[in-house]
Amino acid sequence: MPDEIEACLPYLLQQLLILKPSIILSLGNFATKALLNTDEGITRLRGRVHLYQGVRFIPTFHPAYLLRNPSFKRAAWEDMKLLREELRDLELKR
C-alpha cells in the first residue's frame, strides 16, 4: 500500500546507506517502483541492470507473483542468471 511504502521507505534507504550493498535485487513491482522512483512496470524494467545511487540494481518478479503466474518463472530465472553474472563481474574487479 502507498502509505506503507511512505512509512517504510526512509528506513530502507537508511539501511542501504549503512550496508553499502554492491548489488540490489528488488523483488516485485512495488519495491522496484519505490526505489527507482518510476511508474514503469516490473515487466518492462526487469531483464537488465539499472543503477540506484551508483549501485547495480536488478529488478525481478516477486515470488508470490511467480506462484500465481508460473509462466514467468523462466524470466525470473534469467534475472537470477543476470545477478550471478554481475556478482562474478564484481568479484573479478576485486
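Since we're looking at a predicted model, the values are computed, not measured. (Residues numbered from 1 in each chain as written. Predicted model: local features only at pLDDT ≥ 70, side-chain atom pairs only at ≥ 80, totals over all residues. Heavy atoms only, no water.)

Caption draft 1: Spotlight on the overall build of the chain. Helices and strands together make up the secondary structure of the chain, namely five helices and three strands. Tracing the chain from N to C terminus, the helices and strands come up as α-β-α-α-β-β-α-α. Relative to its length of 94 residues, the chain is compact, with a C-alpha radius of gyration of 14 Å against a globular reference of 12 Å. In terms of principal-axis extent, the alpha carbons of the chain reach across some 40 × 35 × 20 Å. A buried classification covers 29% of the 94 residues belonging to the chain. The contacts in the chain between residues at least 6 apart in sequence include a share of 51% that link residues at least 24 apart. Positive and negative side-chain charges in the chain, numbering 14 and 11 respectively, have mean positions lying 7 Å apart. (Helix = DSSP H or I, 4+ residues; strand = E, 2+ residues; numbered from the N terminus. Rg over C-alpha atoms; globule rule 2.2 N^0.38 Å. Buried < 20%, exposed > 50% of the residue type's maximum accessible area, 1.4 Å probe, protein only. Contact = heavy atoms within 4.5 Å. Lys, Arg positive; Asp, Glu negative; His and termini not counted. Charge placed at Lys NZ, Arg CZ, Asp CG, Glu CD.)

Caption draft 2: Examining helix α5 (residues 73-93) more closely. Over its 21 residues, α5 extends 30 Å from the first C-alpha to the last, a length consistent with the 30 Å expected when each residue adds 1.5 Å. Those residues of α5 not exposed but buried are Ala75, Ala76, Asp79, Leu82, Leu83, Glu86 and Leu90. With its buried residues spanning 110 degrees around the axis, α5 presents them on a single face. Facing away from the buried surface of α5 by more than 90 degrees, the exposed residues are Arg74, Trp77, Arg88, Glu91 and Leu92. Summarising the contacts, the buried residues of α5 are in contact with β1 (23-27), β3 (55-60) and α4 (63-68). (Expected span 1.5 Å × (residues − 1). Arc of directions from axis to C-beta.)

Caption draft 3: Spatial organisation of the pattern of salt bridges. If you walk through the whole model with that rule in mind, you get six salt bridges. Put simply, Asp89 and Arg56 hold a salt bridge, and the shortest N to O gap is 3.1 Å. With Asp89 in helix α5 and Arg56 in strand β3, this pair connects stretches of sequence that are 33 residues apart. By sharing partners, the salt bridges in this structure join Arg56, Glu86, Asp89 and Lys93 into a single network. (Salt bridge = Lys/Arg side-chain N within 4 Å of Asp/Glu carboxyl O.)

Caption draft 4: Main features of the sheet that holds β1. The strand order β1-β3-β2 describes an open sheet built from three strands, whose pairing is mixed. Two strands bound the open sheet, and with one partner strand each, they are β1 and β2 (50-52). Neighbouring strand axes in the sheet, compared pairwise and without regard to direction, differ in orientation by 40 degrees on average. The sheet contact formed by β1 and β3 spans five bridges and is parallel. Note on β3: the bridge partner recorded for Ile23 is Arg56. Sitting on the sheet, helix α2 (residues 29-36) is in contact with β1, β2 and β3, with an inclination near 150 degrees to β3. (Pairing = 2+ DSSP bridges. Axes fitted to C-alpha atoms, helices over the stretch in contact; angles between N-to-C directions.)

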